[in-house]
Amino acid sequence: MKLTRILFTYARRIAAVKSKKFVEFDPVFERYASFNPSPLSLEKFMEFGGSQNACERTSFEFLRKELPVRLANIMKEINLLPDNLLQMPSVAMVQSWYQLSFKEILTYENADPDDNEMLENFTERLVKIRNRHTNVVETMAQGVIELKDSHGIDSNTETRIQYFLDRFYMSRISIRMLINQHTLLFGSQLAQNNRHIGCIDPNCAVLDVVKDSYENAKFLCDQYYLNAPEVEIKTHNATVPDQKEDIRMVYVPSHLYHILFELFKNAMRAVVEYHPEDMELPKLNVGITKGDEDVTIKMSDQGGGIPRSKSDLLFHYMYSTAPQPMRSENGSAPLAGYGYGLPLSRLYARYFHGDLILSSVEGFGTDAFIYLKLFPSEANELLPVYNTTASRMYHTDT
Ligand SMILES: O=C(O)CCCOc1c(F)cc(-c2c(C(=O)NCc3ccc(C(=O)O)cc3)noc2-c2cc(Cl)c(O)cc2O)cc1F
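Novice: Explain the overall build of the protein chain to me, please; I cannot follow it from the model alone.
Specialist: Regarding its fold elements, the protein chain presents 14 helices and seven strands. Every one of the 398 residues in the protein chain was classed for burial, and the buried ones make up 49%. Pairs at least 24 residues apart make up 78% of the contacts formed inside the protein chain by residues separated by at least 6 positions. About 19,800 Å² of surface is accessible on the protein chain, with carbon and sulfur atoms providing 53% of the total.

Shown next, in the form of structure tokens:
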């Protein structure tokens, strides 16, 4: 019996190496993949970095376990992708980046947390890992295009790829959040805004981020279409109606900016293309409301809307009504990219248990709602967990 088991395991290892899943049968990898990721709330992130002498040792001891757990959990799902996708050069490259980064972090598994030189080296290693993974989104998108061009993608495969990419990019957002917090708090970079805790602004002025993202989207729109809609922004503090102060909350400004910039680009594109002859375009309306639980940002446009039958497609990777992006004669970039903007924006909104919802009226225009958790204690990371339910999603022939 023992010999049979040895031969079987050996055969599985050979098969795994051939299918580039060799890391799958590494007992250390399996151990880390067996742990569930530990979600942190914005409140917890602030505790990590809030005290005057934020504790680098505590952060290191958390990350040297949590980062390989999160990497291993999503690597288990990468390993479950269809072989013809895994064999695409770009996907194989992304998989190799994850395997290398997983192994590099494991070298700190038994390091001495009181060794300051080691702590410095760990932070530098995190920067190198973050840089290695900079182009993961584009590279995965290229891998899907390679599969579409070489094998075609049926609806069943598309559904699995959509399921995987939502989880894969959410995992990536969370891993980069952990790395950014540690490197900003303890790295050698110049101290950023001293009010911020890492990339978190404890008093994020929502109106400022709305204005900033609008101006930048308008600049691109003007460049490409030589026209852009104006905007009217209203704020409403439902908890303290007479309060004239800005609506502020604990949030990651760069995440909110990413969401708003994408929505403004889409709204502007729809309005300009729906009113091709009008120099006077209907303005965009933005409402910022602070309630008892939520901060809600509503963006309304009169861009003609999109049929209900098509609106879900906007959240599909690689869907876009725009032809593949081309630069105009003056080299200005189109507002439309490869269609990843909206699905990624929804992931950023959902990352701290918020959401992004579209409500379109065909023939008139579209309302986009960004829901954010007001209380940092409720703004918990939403993390994909590798388990039998997830695994089944990659096997069912629906
Ligand atoms: O490619 C990228 O990266 C950006 C990807 C995204 O590119 C789009 C884009 F910016 C704007 C629209 C669009 C249209 C449209 O285009 N309506 C015309 C049509 C009518 C019928 C059909 C149809 O039958 O299929 C499709 C479109 N109407 O409302 C919106 C609209 C969409 C969003 Cl997400 C938003 O926040 C605000 C909006 O006003 C669609 C996009 F897809």
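Text resumes after the structure shown.
Novice: What's the story with the packing of helix H2 (residues 27–34) against helix H4 (residues 56–78) in this structure? I'm lost.
Specialist: Helix-helix packing: each pair is described by the crossing angle between the helix axes and the interaxial distance. Here H2 crosses H4 at 95°, and the two axes come no closer than 7 Å. Classed by the angle they form, the pair H2 and H4 counts as roughly perpendicular. The residues of H4 that touch H2, namely those facing Phe-29, Glu-30, Tyr-32 and Ala-33, are Arg-64, Lys-65, Pro-68, Val-69, Ala-72, Asn-73, Met-75 and Lys-76. Its residues assigned to classes, the contact of H2 with H4 comprises seven nonpolar, one polar and four charged.

Novice: Mind showing me how you'd approach the nonpolar core here?
Specialist: A general feature of soluble globular proteins is that nonpolar side chains tend to end up buried together. Phe-168, Tyr-169, Phe-264 and Tyr-340 are the most contacted members of the largest nonpolar core, which has 107 residues in total. No other element matches the 11 residues that helix H9 (residues 155–186) contributes to this core. Ignoring sequence-local partners within four residues, the contact set of Tyr-169 consists of Val-137, Met-140, Ala-141, Tyr-317, Tyr-340, Leu-344 and Leu-347.

Novice: Is there a simple way to explain the side chain of Thr-139 in this structure?
Specialist: For Thr-139, the position within the fold is in helix H8 (residues 136–150). The contact partners of Thr-139, leaving out residues within four places of it in the chain, are Ser-90, Val-94 and Trp-97.

Novice: What should I look at first to understand unusual backbone geometry in this one?
Specialist: Excluding glycine, most residues fall at negative phi; most peptide bonds, likewise, are trans. Within the chain, Leu-226 stands out as a residue other than glycine whose phi angle is a positive 60°. You can see Leu-226 is positioned in the loop between helix H10 (206–225) and strand S2 (231–237). Notably, His-353 is not glycine yet its phi reads approximately 65°, a positive angle. Relative to the elements of secondary structure, His-353 occurs in the loop between helix H13 (341–351) and strand S6 (355–361).

Novice: Got a minute to help me understand the sheet that holds S6 in this structure?
Specialist: Backbone-to-backbone hydrogen bonds pair the strands of a sheet. The strands run either parallel or antiparallel. Strand order in this open sheet of five strands is S2-S4-S5-S7-S6, and the pairing throughout is mixed. Strand pairing shows two members of the sheet lacking a second neighbour, S2 and S6, which therefore form its edges. The sheet shows a mean angle of 15° between the axes of neighbouring strands, taken without regard to direction. Direction of pairing for S6 relative to strand S7 (residues 365–373): antiparallel, over a ladder of seven bridges. If you follow Ile-357 over to S7, its bridge partner there is Phe-369. Against the sheet, H13 engages S6 and S7, with an angle of about 130° to S6.

Novice: Looking at this structure, how should I read H4?
Specialist: With 23 residues, H4 should cover 33 Å at 1.5 Å per step; its first-to-last C-alpha distance of 31 Å lies within 8% of that length. Along H4, the helix axis deviates most sharply at Leu-63, where the bend reaches about 30°. H4 sits mainly inside the fold: 18 of its 23 residues count as buried.

Novice: Got a minute to help me understand a negative patch on the surface in this structure?
Specialist: A surface patch of like charges, here negative, comprises Asp-208, Asp-212, Glu-215, Glu-230, Glu-277, Asp-278 and Glu-280. If you trace the backbone, Glu-230 turns up in the loop between H10 and S2. A relative accessible area of 48% means that Glu-230 is categorised as partly exposed.

Novice: Would you mind going over the pattern of salt bridges with me for this structure?
Specialist: Two side chains bearing opposite charge may form a pair once their charged atoms approach each other closely. A complete count under the given rule lists 18 salt bridges for this structure. Glu-381 is the salt-bridge partner of Arg-70, the closest N and O atoms lying 2.8 Å from each other. Of this pair, Arg-70 sits in helix H4 while Glu-381 sits in the loop between S7 and helix H14 (388–393); the two residues are 311 residues apart in sequence, bridging distant segments of the chain. Of the two residues, Arg-70 and Glu-381, both sit in the buried class. In this structure, Glu-104 and Arg-132 form a salt bridge, with 2.7 Å as the shortest nitrogen-oxygen distance. Highlighted residues: Glu-104 in helix H6 (residues 89–106) and Arg-132 in helix H7 (residues 116–132), separated in sequence by 28 residues. By relative accessible area, Glu-104 is classed as buried at 14%. Through salt bridges that share partners, Arg-57, Glu-61 and Asp-114 make up one connected network.

The rules behind the values
- Residues numbered from 1 in each chain as written.
- Predicted model: local features only at pLDDT ≥ 70, side-chain atom pairs only at ≥ 80, totals over all residues.
- Heavy atoms only, no water.
- Helix = DSSP H or I, 4+ residues; strand = E, 2+ residues; numbered from the N terminus.
- Buried < 20%, exposed > 50% of the residue type's maximum accessible area, 1.4 Å probe, protein only.
- Contact = heavy atoms within 4.5 Å.
- Areas by Shrake-Rupley, 256 points an atom, 1.4 Å probe, with all protein chains shown as cover.
- Axes fitted to C-alpha atoms, helices over the stretch in contact; angles between N-to-C directions.
- Parallel < 35°, antiparallel > 145°, perpendicular 65-115°, else oblique.
- Nonpolar A, V, L, I, M, F, W, Y, C, P; charged D, E, K, R; others polar.
- Core = buried A, V, L, I, M, F, W, Y, C linked by side-chain atoms within 4.5 Å.
- Pairing = 2+ DSSP bridges.
- Expected span 1.5 Å × (residues − 1).
- Bend = angle between axes of the 7 residues up to and from the residue.
- Patch = residues over 30% accessible without salt bridge, like charges linked within 9 Å, V, L, I, M, F, W, Y side chains within 5 Å.
- Salt bridge = Lys/Arg side-chain N within 4 Å of Asp/Glu carboxyl O.
- Lys, Arg positive; Asp, Glu negative; His and termini not counted.
- Charge placed at Lys NZ, Arg CZ, Asp CG, Glu CD.

Any functional reading would require information that these geometric values do not contain.
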